[in-house]
Amino acid sequence: MASELYNTIDALSREKGIDPQIVVSAVEDAIVMATRKYYKTQENLRAELDKETGKINAYAVKTVVETPEQVEDPLLQITLEDARKIDPNLEVGGELRTPKVTEGILGRIAAQLAKQVIFHKVREAERDTVYNEYIGRVGEVVNATVKRVEGPDVIFDIGKAEARMPRKEQSRLESFAIGERVRVVIARVEKASKGPGVVASRAVPDLVQHLFQTEVPEIYDGTVVIRAIAREAGERTKIAVMSKDKDVDAVGACVGMKGMRVQSIIRELHGEKIDIIEYHEDAVTFAEKALQPAKVSKVTVVDSAGKHLEVVVDDSQLSLAIGKKGQNVRLAAKLLGWKIDIKSEEEKRQEVEQQMADMLPQFVTPLEKVTGLGEGLVEKLGAAGVTTVEALADMTPEQLEAIEGIGPKTVEKISLAVNNYFASLEAGAAVEGAAEGEVAVEGEPVVAESAEAGPDDITAEIPVAAEEVQATEETAPTEEPSAEPPAVAAEENEGQPEESKERPASEAESASKTRE
């Protein structure tokens with residue numbers, strides 16, 4: 001029959017869920033420490049519990065060696081000859097056990113020390129048992145009862161052990177009362193030095209997934225699959241679902257008739273917002289869905305290997321796409337697993353304009369090119385960091401006056417010099433353009449046009465000359481006829497066709513008759 005002490009140890013073991021032998025070993029180790037403290041010895045002590053009587057015996061143990069030369073420590077080793085004087089049956093390598101008296105000599109201090117050792121050993125054994133029990137259940141949702149609240153932490157009773165839920169694993173919308181039953185997720189199991197080793201959570205996405213599996217039969221039977229979940233506990237959750245059956249609407253199945261299914265989950269999460277999104281293999285289409293309720297204008301893949309997207313939205317949709325404190329785009333990026341850059345259409349336009357401007361050549365003109373500034377003024381401007389005409393032209397009068405040594409009159413001088421410089425550039429450009437036009441006119445085939453003129457064009461000028469000659473002769477009969485006009489007319493008529501020679505004479509005669 002087992003002793004009362006052993007029965008007590010057995011009951012304690014069942015309560016803590018640990019092996020009774022672990023408690024027995026703890027008791028024996030406590031007796032050893034108390035005995036060593038009492039005898040003040042460094043001998044190898046060992047204790048044994050007699051299950052029948054409940055008596056704990058302590059022994060000093062020495063190892064038997066063959067020769068005296070092999071004895072390194074007399075407290076731990078003994079020769080075979082000396083050992084056989086006490087026990088003739090001992091052999092080399094055996095152990096000689098010398099009893100130590102413990103009854104009536106271990107006082108209150110030794111008993112207190114033994115108690116501390118026993119509790120320490122039991123706690124270690126309990127932690128090991130809890131660790132081995134729950135290490136394989138990480139990520140599992142369990143029903144728990146609120147046991148107590150320790151500062152920001154909530155302690156739950158999860159059956160065989162206690163679980164601790166720190167503040168970062170809680171939703172800001174939730175508060176708990178002692179005795180309340182809630183569902184928690186086993187986040188991790190720790191071998192902590194004190195306190196429960198199981199850490200529970202209600203902020204992980206696994207809780208939302210479990211709730212959807214419970215409330216939506218299509219998810220439970222595998223018709224609808226949850227592909228991704230992104231969650232910020234107490235704020236918003238985005239969940240991407242996909243249907244394996246073309247006749248089943250994945251989003252509609254999760255929402256339920258009149259939103260009953262999703263509303264049940266929202267109540268369990270104390271009002272946390274939930275966005276249900278249809279999953280797409282195409283990252284561009286999936287990004288448009290994930291950024292809802294904002295409307296996306298354009299999605300561009302910047303780097304497919306690095307999973308980088310650029311999203312352009314209307315100016316009025318920018319704040320909605322980003323969300324409160326960037327929550328919407330942050331959850332969308334978690335859901336996709338891609339990095340997302342959101343820009344408004346105005347920002348994108350400015351970016352394109354800047355890129356175009358950067359592609360154009362940049363002209364830089366030193367201040368020395370402006371003749372009206374002077375060396376001293378150029379040095380002052382250079383000391384202020386203004387070294388080019390373009391930079392000087394972009395400065396306002398207030399900025400110029402802020403430079404040491406430059407006043408209002410100097411500002412007027414600078415303005416006049418810069419204006420004259422740019423005016424001279426414009427004048428030079430105009431002169432250059434005019435010179436180019438003159439060169440183009442001189443290069444025209446004028447001779448070719450005159451050569452292409454027909455016979456009628458040439459002879460058309462000749463009758464006019466003949467008429468002028470005839471009129472001159474008739475109006476000035478008293479003057480001597482000049483020999484030059486006929487000669488000129490003759491010269492002009494020479495080399496012309498016969499018809500052209502006869503036609504001027506007849507036309508001249510008809511003109512003289514008409515005048516008479």
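Residues numbered from 1 in each chain as written. Predicted model: local features only at pLDDT ≥ 70, side-chain atom pairs only at ≥ 80, totals over all residues. Heavy atoms only, no water.

(A) Expanded view of the pairing of strand E14 (residues 308-313). Counting buried positions over the six residues of E14 gives six, a clear majority of the element. The side-chain alternation of E14 yields two buried faces, one formed by His308, Glu310 and Val312 and the other by Leu309, Val311 and Val313. Taken together, strand E13 (residues 296-303) and the strand that follows it, E14, pair antiparallel across an intervening segment of four residues, in which Lys307 is found at a positive phi of about 55°. When E14 meets strand E15 (residues 339-344), the two strands line up parallel, connected through six bridges. In the sheet register, His308 faces E15, and the bridge partner there is Lys339. (Buried < 20%, exposed > 50% of the residue type's maximum accessible area, 1.4 Å probe, protein only. Helix = DSSP H or I, 4+ residues; strand = E, 2+ residues; numbered from the N terminus. Pairing = 2+ DSSP bridges.)

(B) Region of the structure containing the pattern of salt bridges. Applying the stated rule across the entire model yields 29 salt bridges. Here Arg46 makes a salt bridge to Glu95, at a shortest N to O gap of 3.1 Å. With Arg46 in strand E1 (residues 44-49) and Glu95 in strand E4 (residues 95-100), the pair connects residues that are 49 residues apart, well separated along the chain. When the shortest N-O distance is used, the salt bridge between Glu91 and Arg84 registers 3.1 Å. (Salt bridge = Lys/Arg side-chain N within 4 Å of Asp/Glu carboxyl O.)

(C) Spatial organisation of the packing of helix H9 (residues 283-290) against helix H11 (residues 327-336). At a minimum axis separation of 10 Å, H9 and H11 run at an interaxial angle of 145°. Pair H9 / H11 crosses with right-handed handedness. Taking contact as the criterion, the partners of Ala283, Phe286, Ala287 and Ala290 in H9 are, on H11, Ala332, Leu335 and Leu336. Classifying every residue of the contact of H9 with H11 gives seven nonpolar, no polar and no charged. (Axes fitted to C-alpha atoms, helices over the stretch in contact; angles between N-to-C directions. Left-handed = near helix turned anticlockwise from the far one by under 90°. Contact = heavy atoms within 4.5 Å. Nonpolar A, V, L, I, M, F, W, Y, C, P; charged D, E, K, R; others polar.)

Remember that the coordinates give geometry; whether it matters functionally is a separate question.
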